[in-house]
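Structural features, examined
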Amino acid sequence: MTLHTSVRRTIPVAVGLVLAAGLAGCSAHGDGSPSPSPTPSTSVTTAAAVTCPDGKAVVTDDDAVVRLDGSCSSLEIRASKTQVTAGRDLDTMTVSGKLNYVRVGAVGAVSFDEDSEGNRIVTPSQPQVDDQGRSNVVAPAPEGY
């Protein structure tokens, strides 16, 4: 009786493993070959340094990672999907583009033009905000960030 019970338990496990192994090679394309896995979009990128001639930094590269160097008093972003880190406080920031992410110690005023959408400005300060775009956020960093 003990042997019979252990065989009954083993058979469903074995069948499950065989089915799982067989299905692992299936493809949504129906051609029998496995679909390639998408490669992750995250990669380690060194931030490009942007200087501030006359105190103003202008970022125009899409999909960039940027670090502000120098004595910047204002930042203008005319790009999309760009990450900017400002190591110093700014007087003003102007954003035109989509899905940009900016970290800044403090900023006095932030404006988003009508073409801006989905931008996020992270700062512990409480700047004056003029948002003519859509779904833009100016907020403090999440705790522990």
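Refer to the structure printed above.
Keep in mind that what you see is a predicted model, and the values were worked out from it rather than measured. (Residues numbered from 1 in each chain as written. Predicted model: local features only at pLDDT ≥ 70, side-chain atom pairs only at ≥ 80, totals over all residues. Heavy atoms only, no water.)

Observations concerning the pattern of salt bridges
What counts, and what does not: Put simply, a salt bridge is a Lys or Arg side-chain nitrogen that is within 4 Å of an Asp or Glu carboxyl oxygen. Helix numbering and strand numbering both begin at the N terminus, where a helix is a DSSP run of H or I of at least 4 residues and a strand a DSSP run of E of at least 2.
Within this structure, the stated rule accounts for three salt bridges. Ionic pairing is found between Glu76 and Lys56, a salt bridge with its closest N-O pair at 3.0 Å. Here Lys56 lies in strand β2 (residues 56-59) and Glu76 lies in strand β4 (residues 74-78), a separation of 20 residues in the sequence. Put simply, Glu117 and Arg134 hold a salt bridge, and the shortest N to O gap is 3.5 Å. With a gap of 17 residues between them, Glu117 in the loop between β8 (107-112) and β9 (120-122) and Arg134 in the loop between β10 (128-131) and β11 (137-139) connect regions that are remote in the sequence. Within the structure, one salt-bridge network assembled from shared partners comprises Lys56, Glu76 and Arg78.

Thoughts on the side chain of Asn119
Cut-off, in case you're wondering: Summary of the burial criterion: residues with accessible area below 20% of their type's maximum are buried, those above 50% are exposed, and those between are partly exposed, where the area comes from a 1.4 Å probe applied to protein chains only. Think of a polar contact as two N or O atoms within 3.5 Å of one another; within protein, one of them needs to be a possible hydrogen donor and the other a possible acceptor, and neighboring residues in sequence only count if both atoms come from side chains. Residues count as neighbours in contact if any of their non-hydrogen atoms are within 4.5 Å of one another.
Mapped onto the secondary structure, Asn119 falls in the loop between β8 and β9. We classify Asn119 as buried; its relative accessible area is 1%. Of the polar contacts made by the side chain of Asn119, one reaches the backbone oxygen of Gly97; its length is 2.9 Å. Reaching out from Asn119, the side chain makes a polar contact with the side chain of Asn136 at a distance of 2.9 Å. If we skip the residues at most four places from it in the chain, Asn119 touches Val95, Gly97, Lys98, Leu99, Asn100, Phe112, Ser135, Asn136 and Val137.

Examining the environment of Asp54
Relative to the helices and strands, Asp54 resides in the loop between β1 (48-50) and β2. When its relative accessible area of 85% is taken as the criterion, Asp54 is described as exposed. As a C-alpha pair, Asp54 and Ser73 span 19 residues in sequence and 8.9 Å in three-dimensional space.

Comments concerning the pairing of strand β6 (residues 90-96)
Where we set the bar: Pairing between strands requires that DSSP locate at least two bridges from one strand to the other.
When β4 meets β6, the two strands line up parallel, connected through five bridges. Bridging across to β6, Ser74 finds its partner in Thr92. Two elements, β6 and β8, share five bridges in a ladder whose sense is parallel. Bridged to Leu90 within β8 is Val107.

So, the sheet that holds strand β7 (residues 101-104)
Defined as follows: Note on definitions: angles span 0 to 180 degrees between N-to-C directions of axes, and those axes are lines fitted to C-alpha atoms, for helices only across the stretch in contact.
In space, the six strands of this open sheet follow the order β1-β3-β5-β7-β9-β11, with parallel pairing throughout. Unpaired on one side and paired on the other, β1 and β11 mark the two borders of the sheet. This sheet shows a mean twist of 20° between the axes of neighbouring strands, independent of strand direction. Pairing of strand β3 (residues 65-68) with strand β5 (residues 83-86), which is carried by four bridges, proceeds in the parallel orientation. From the neighbouring strand, Val65 faces β5, where its bridge partner is Gln83.

Remarks on the sheet that holds β6
In space, the five strands of this open sheet follow the order β2-β4-β6-β8-β10, with parallel pairing throughout. Only two strands of the sheet have a single neighbouring strand rather than two, namely β2 and β10. The mean angle between the axes of side-by-side strands here comes to 10°, regardless of whether they run parallel or antiparallel.

Section: the pairing of β2
Side-chain positions along a regular strand alternate between the two faces of the sheet. Alternating positions in β2 separate cleanly, Ala57 and Val59 being buried on one face and Lys56 and Val58 remaining unburied on the opposite face. Across four bridges, the pairing between β2 and β4 is parallel. In the strand pairing of β4, Val59 is matched with Ile77.

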